[in-house]
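# A structural walkthrough
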Amino acid sequence: HFDEPMVDSSMIPTFLLSKEIRKHCKVALGGDGADELFAGYSHYNRYNDLSKIQNFLPYQFRSPIVEIALRLLPKNIRGRKTIELFGKDLKNLDFNSANLFDSAMRKNLFNDISMFKEVSEEKKVISTDLVRSITYEDYNNYLSEDILVKVDRASMASSLEVRSPFLDSK
């Protein structure tokens, strides 16, 4: 039903829910886009809290401390991504939730990394507002590449049409 591998484990409950809803109607309203529109994901708060903590320690000090910590800590330690982000300048970071592996990790995984587009060190600033930058990234990547695909395919497999009123520009 999904035509390609998906790593979103909620595709199964989404399919089962769509199947159940289809027993009662042919068209349903979904909430897709609401979390991005109203900053409803918990990671928005996490980034905001991290940004506030960063104000107490300048970037020039944070960055080397974090580099040392990341070299000493195990690769699979819980919270490693948060530690890594603490060493970055969040206000000028191009958020890309779809980029799960940095270039060093890709080099370890693949012999030929020419198929991957390298992320430029020049960071674009979407907005001076941190949450706005993250929601922008979620709209352009997570929502379109994961959530909408999952709901669309799960609902189509159940002969259900799901509409997303929070994504209507009007």
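This text goes with the structure placed above it.
Given the structure is predicted, the values throughout are model-derived calculations rather than measurements.

One number sums up the size of the second largest pocket: a volume of about 230 Å³. What lines the second largest pocket is a set of 15 residues, and nearest its centre among them are Thr-14, Leu-17, Ser-18, Val-151 and Val-162. Elements with a minimum of two residues in the lining of the second largest pocket: α1 (11-22), β1 (27-29) and α7 (130-157). Per element, the largest residue contribution to the lining of the second largest pocket is five residues, and it comes from α1.

All right, on to the packing of aromatic side chains then. Evaluated as defined, the whole model comprises three aromatic pairs. Ring centres of Phe-38 and Phe-166 lie 6.0 Å apart, and the angle between their planes is 85°; on these two criteria the pair is classed as edge-to-face. One end of the pair, Phe-38, is in the loop between α2 (34-37) and α3 (42-54); the other, Phe-166, is in the segment after β2 (161-163), with 128 residues separating them in the sequence. Assessed through its relative accessible area of 35%, Phe-166 is described here as partly exposed. Considering the side-chain rings of Tyr-41 and Tyr-44, the 5.8 Å spacing of their centres and the 55° angle between planes classify their relative orientation as tilted. Of the two residues, Tyr-41 and Tyr-44, neither departs from the other in class, the shared state being buried. The structure contains a cluster of three or more aromatic residues connected by ring pairs, namely Tyr-41, Tyr-44 and Tyr-142. For the cation-ring pair, Arg-62 lies above Phe-86, with the distance from its terminal atom to the ring centre recorded as 5.6 Å.

What follows concerns a nonpolar patch on the surface. On the surface, Leu-37, Phe-38 and Phe-166 cluster together into a nonpolar patch covering about 310 Å² of accessible area. The residue Leu-37 is located in helix α2 in this model.

This part covers the nonpolar core. The nonpolar side chains of a soluble globular protein tend to be buried with one another. Tyr-41, Tyr-44, Tyr-47, Leu-50, Val-66, Leu-70, Leu-85, Phe-86, Leu-90, Leu-130, Val-131 and Ile-134 together form the largest nonpolar core, which totals 12 residues. Taken together, the elements giving at least two residues each to this core come down to α3, α4 (59-72), α5 (80-86) and α7. Not counting the four nearest positions on each side in its chain, Leu-50 is found in contact with Thr-82, Leu-85, Phe-86 and Leu-90. The next biggest cluster of nonpolar side chains, apart from the first, holds five residues, and it includes Phe-2, Met-6, Met-11 and Val-149.

Glancing now at the pattern of salt bridges. In the structure shown here, the tally under the stated rule is five salt bridges. With a shortest N-O distance of 3.2 Å, Glu-4 and Arg-153 are connected by a salt bridge. Here the residue Glu-4 occupies a position in the segment before α1, and Arg-153 occupies one in helix α7, the gap between them amounting to 149 residues. Looking at Glu-4, the relative accessible area reads 45%, which means it is partly exposed. Residue Lys-23 is joined to Glu-20 by a salt bridge in which the shortest nitrogen-to-oxygen separation is 3.1 Å. Given a relative accessible area of 61%, Lys-23 falls into the exposed group.

Reading the values: the criteria
Residues numbered from 1 in each chain as written. Predicted model: local features only at pLDDT ≥ 70, side-chain atom pairs only at ≥ 80, totals over all residues. Heavy atoms only, no water. 1 Å grid on protein atoms, 1.4 Å probe; cavity = no way out; pocket = protein on both sides within 12 Å on 5 of 7 lines; lining within 4 Å. Points joined across faces, edges and corners; volume = space filled by probe spheres on them. Helix = DSSP H or I, 4+ residues; strand = E, 2+ residues; numbered from the N terminus. Phe/Tyr/Trp six-rings, centres within 6.5 Å; stacked < 30°, edge-to-face > 60°. Buried < 20%, exposed > 50% of the residue type's maximum accessible area, 1.4 Å probe, protein only. Lys NZ or Arg CZ within 6 Å of the ring centre and 35° of its normal. Patch = residues over 30% accessible without salt bridge, like charges linked within 9 Å, V, L, I, M, F, W, Y side chains within 5 Å. Areas by Shrake-Rupley, 256 points an atom, 1.4 Å probe, with all protein chains shown as cover. Salt bridge = Lys/Arg side-chain N within 4 Å of Asp/Glu carboxyl O. Core = buried A, V, L, I, M, F, W, Y, C linked by side-chain atoms within 4.5 Å. Contact = heavy atoms within 4.5 Å.

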